Amino acid sequence: MIVRIMGEGQVEISPDDIAVLNELDTELESAIESDDEPAFRVKLHALLDKVRHVGKALPDDSLAPSELILPPADASIEEVREMLGDQGLIPG
């Protein structure tokens, strides 16, 4: 799966890593639903850090289409709320 973190570029994520990313996504959604800004910030950074850790960076000139687009680390709770789909940021 090809994932773009806005402002950072693309990484390729193994299907084996999707489950742990979904857990972090669920925690992020929970923080958004409760409008808990401090928890939101921690959970967003945890999700992005995990994507960076497990993902293999693609070259900047890669033309692969992104299957997922994640917000930048400095995104507001409102910006991320608008990006959420029925299955969160990371569909299972």
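This text follows the structure it describes.
A. Quick look at the pattern of salt bridges. Applying the stated criterion across every chain yields a total of six salt bridges. The salt bridge partner of Asp35 is Arg81, with a shortest N-O separation of 3.2 Å. Here Arg81 lies in helix 3 (residues 77–83) and Asp35 lies in the loop between helix 1 (18–33) and helix 2 (37–54), a separation of 46 residues in the sequence. Residue Arg81 is classed as partly exposed on the basis of its relative accessible area of 30%. Of the charged contacts in the structure, one is a salt bridge between Glu37 and Arg41, with a shortest N-O distance of 3.2 Å. Of this pair, Glu37 and Arg41 both sit in helix 2, separated by four residues, roughly a single helical turn. Within the structure, one salt-bridge network assembled from shared partners comprises Glu8, Asp49 and Arg52.

B. Structural detail: the nonpolar core. If you look at the biggest cluster of nonpolar residues, it comprises 22 residues, and the most contacted ones within it are Leu28, Phe40, Leu47, Val51, Leu70, Val80 and Ile90. Those elements giving two or more residues to this core turn out to be strand 1 (2–5), helix 1, helix 2, strand 4 (68–70) and helix 3. The dominant element in this core, judged by the number of residues it contributes, is helix 1, at six residues. Not counting residues up to four positions away in its chain, the partners in contact with Leu28 are Phe40, Lys43, Leu44, Leu47, Val80 and Leu89.

C. Quick look at the pairing of strand 1. Pairing of strand 1 with strand 2 (residues 9–12) involves four bridges; the strand directions are antiparallel. The residue bridging Val3 from the neighbouring strand is Val11, located in strand 2. Hairpin connection of strand 1 to strand 2: three residues between the antiparallel strands, including Gly7 at a positive phi of 85 degrees. One ladder, built from three bridges, connects strand 1 with strand 4; its direction is parallel. By the bridge assignment, Arg4 is partnered in strand 4 with Ile69.

D. Quick peek at the environment of Leu47. With respect to the helices and strands, the residue Leu47 is situated in helix 2. Residues Leu47 and Leu70, spaced 23 residues apart in sequence, show a C-alpha to C-alpha distance of 9.4 Å. With near-sequence residues (within four places) excluded, Leu47 lies in contact with Leu21, Leu24, Asp25, Leu28, Leu89 and Ile90.

About the thresholds
- Residues numbered from 1 in each chain as written.
- Predicted model: local features only at pLDDT ≥ 70, side-chain atom pairs only at ≥ 80, totals over all residues.
- Heavy atoms only, no water.
- Salt bridge = Lys/Arg side-chain N within 4 Å of Asp/Glu carboxyl O.
- Helix = DSSP H or I, 4+ residues; strand = E, 2+ residues; numbered from the N terminus.
- Buried < 20%, exposed > 50% of the residue type's maximum accessible area, 1.4 Å probe, protein only.
- Core = buried A, V, L, I, M, F, W, Y, C linked by side-chain atoms within 4.5 Å.
- Contact = heavy atoms within 4.5 Å.
- Pairing = 2+ DSSP bridges.

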